[in-house]
Amino acid sequence: MYSEKLMEHFRNPKNMGKIENADAVGKVGNPVCGDEVYIYIKVNDNRIEDIKFETCGCAAAIGTSSITTELAKGKTLDEALELTNKEVVDALDGLPPIKLHCSELAVDALKAAVKEYLDKRKS
Ligand code: FES
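Structural notes, computed from the coordinates. (Residues numbered from 1 in each chain as written. Predicted model: local features only at pLDDT ≥ 70, side-chain atom pairs only at ≥ 80, totals over all residues. Heavy atoms only, no water.)

**So, the overall build of the protein**
Applied cut-off: A run of H or I in DSSP becomes a helix once it reaches four residues, and a run of E becomes a strand once it reaches two; helices and strands are each numbered from the N terminus. Restricting the calculation to C-alpha atoms gives the radius of gyration, and the globule rule supplies 2.2 Å times the number of residues raised to the power 0.38. Each residue is assigned to one of three classes by its accessible area relative to the maximum for its type, calculated with a 1.4 Å probe on protein chains only: buried under 20%, partly exposed between the two thresholds, exposed over 50%.
Within the protein, the secondary structure is distributed over 5 helices and 3 strands. Overall, the protein shows an N-to-C arrangement of helices and strands of α-β-β-β-α-α-α-α. The globule rule puts the C-alpha radius of gyration for 123 residues at 14 Å, and the 13 Å found for the protein is close to it. A principal-axis box enclosing the C-alpha atoms of the protein has dimensions of 45 × 25 × 25 Å. Per-residue burial for the protein yields a buried fraction of 46% across its 123 residues.

Following this line, the structure appears as structure tokens:
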């Protein structure tokens, strides 16, 4: 059902945990299944210098959270905002169609974190 790549990220997630002094946190939940993803970011010179996630959810939500943090690390804020769900799913060699919605949580949480950071800077 799941690709080997997804199982690898599920078993050994990258960047899992919390950044205590994060510059911003994005939180997204799926009201249907109740799963939640938090993405913490540290920003330096407009780039995501550090990123971690905490995910309470299914294997697909955890695997996509892990790969999303890997894809986002080192990107500029604009590049992070352009990251698509498809790029995340492709990086995991695909997901079963019934699990595609799970992959949206991490990307949405990343974008929520970047937007929170940009909003804080404006005020
Ligand atoms: Fe809830 Fe996968 S079943 S995110």
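Having put the structure on the table, let's press on.
**Let's talk about helix 2 (residues 59-72)**
Residues separated by three or four positions in an α-helix point in the same direction, a consequence of the helix having 3.6 residues per turn. To keep it simple, the criterion reads: A helix's residues, less one, multiplied by 1.5 Å, set its expected span. In this description, contact between two residues means that some pair of their heavy atoms is separated by no more than 4.5 Å.
Taking 1.5 Å of rise per residue, 14 residues should cover 20 Å, and helix 2 covers 20 Å from first to last C-alpha, within 8% of that figure. The buried fraction of helix 2 amounts to 12 of the 14 residues, a majority that puts the element mostly inside the structure. Those residues of helix 2 that sit buried are Ala-59, Ala-60, Ala-61, Ile-62, Gly-63, Thr-64, Ser-65, Ser-66, Ile-67, Thr-68, Thr-69 and Ala-72. Its buried side turned inward, helix 2 meets helix 1 (4-11), strand 2 (36-44), strand 3 (47-56), helix 4 (85-91) and helix 5 (102-122). Where helix 2 terminates, the next one or two residues include Gly-74, which has phi positive at roughly 90 degrees.

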